[in-house]
Amino acid sequence: MNRVWIAVVFIAVCIGLCVFEQNYVCKSCDKMLSMINQAQEYENAEQSEKSDKKIAELQKYWLKRNDVLFIFSEHDGLDELAESIRTLNMTDDKKSALAKTKALVKIYYENERIALSNVL
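Here the structure is a predicted model, which means the values were calculated and not measured. (Residues numbered from 1 in each chain as written. Predicted model: local features only at pLDDT ≥ 70, side-chain atom pairs only at ≥ 80, totals over all residues. Heavy atoms only, no water.)

Help me understand the packing of aromatic side chains in this model?
The relation between two aromatic rings is expressed through the spacing of the ring centres and the mutual angle of the planes. Applying the stated rule across the entire model yields three aromatic pairs. Judged by centre distance (5.8 Å) and plane angle (65 degrees), the ring pair of Phe-20 and Phe-72 falls under edge-to-face. In this pair, Phe-20 is assigned in helix H1 (residues 2-44) and Phe-72 in helix H2 (residues 48-72), connecting sequence segments 52 residues apart. Summarising the aromatic geometry, the rings of Tyr-24 and Phe-72 are spaced 6.2 Å apart at their centres and angled 65 degrees between planes, so their arrangement reads as edge-to-face. Here the residue Tyr-24 occupies a position in helix H1, and Phe-72 occupies one in helix H2, the gap between them amounting to 48 residues. You can call Tyr-24 buried: its relative accessible area is 14%. Three or more aromatic residues joined by ring pairs make a cluster, and in this case those are Phe-20, Tyr-24 and Phe-72. (Phe/Tyr/Trp six-rings, centres within 6.5 Å; stacked < 30°, edge-to-face > 60°. Helix = DSSP H or I, 4+ residues; strand = E, 2+ residues; numbered from the N terminus. Buried < 20%, exposed > 50% of the residue type's maximum accessible area, 1.4 Å probe, protein only.)

Structural data, given as structure tokens:
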């Protein structure tokens, strides 16, 4: 009977971690996409100072969140995203860099969310 309770507790912990991970990834990706969209709007409106501030805010947010994301995810999926975010303000063509970063965030989210295709 003790083994059954240990198994039940283990399953409850696993389910709790899965829920936490999905919530954390979803909120992180939504926030990053929101910041990228705002930076793109500023870039399209030729407001480079506001765009640079939004990019700096995104980079700061990434530094705060990336350690936990690296715990949950495979590193090969996040390495390219991390590099893209890190080099956003070092490039001359920010519009294409922001578009690439946005695509990488979307790909990361699609690969991490719970779906039948991701389970199988």
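Quick question: what am I supposed to make of the packing of H1 against H2 here?
Packed helix pairs are specified by the crossing angle of their axes together with the interaxial distance, meaning the distance between the axes. Their axes nearest at 9 Å, the elements H1 and H2 cross at an angle of 165 degrees. Here H1 lies roughly antiparallel to H2, going by the angle between them. When you trace H1 past H2, the crossing you get is left-handed. In terms of residue class, the contact of H1 with H2 is built from 15 nonpolar, four polar and nine charged. (Axes fitted to C-alpha atoms, helices over the stretch in contact; angles between N-to-C directions. Parallel < 35°, antiparallel > 145°, perpendicular 65-115°, else oblique. Left-handed = near helix turned anticlockwise from the far one by under 90°. Nonpolar A, V, L, I, M, F, W, Y, C, P; charged D, E, K, R; others polar.)

What is the right way to look at the packing of H2 against helix H3 (residues 75-86) in this model?
Two numbers describe how H2 lies on H3: the axes approach to 11 Å, and their chain directions differ by 165 degrees. One element, H2, and the other, H3, form an angle in the roughly antiparallel class. When you trace H2 past H3, the crossing you get is left-handed. Mapping the contact onto sequence places Leu-58, Gln-59, Trp-62, Leu-69 and Phe-70 in H2 and His-75, Leu-78, Asp-79, Leu-81, Ala-82, Ile-85 and Arg-86 in H3. When its residues are assigned to classes, the contact of H2 with H3 shows eight nonpolar, two polar and two charged. (Contact = heavy atoms within 4.5 Å.)

It is not clear to me how the side chain of Gln-59 should be interpreted in this structure. Could you clarify?
Residue position: Gln-59 is located in helix H2. The class of Gln-59 is buried, set by a relative accessible area of 14%. For Gln-59, the side chain forms a polar contact with the main-chain oxygen of Ile-85, separated by 2.8 Å. (Polar contact = N/O pair within 3.5 Å; in protein donor to acceptor, adjacent residues only side chain to side chain.)

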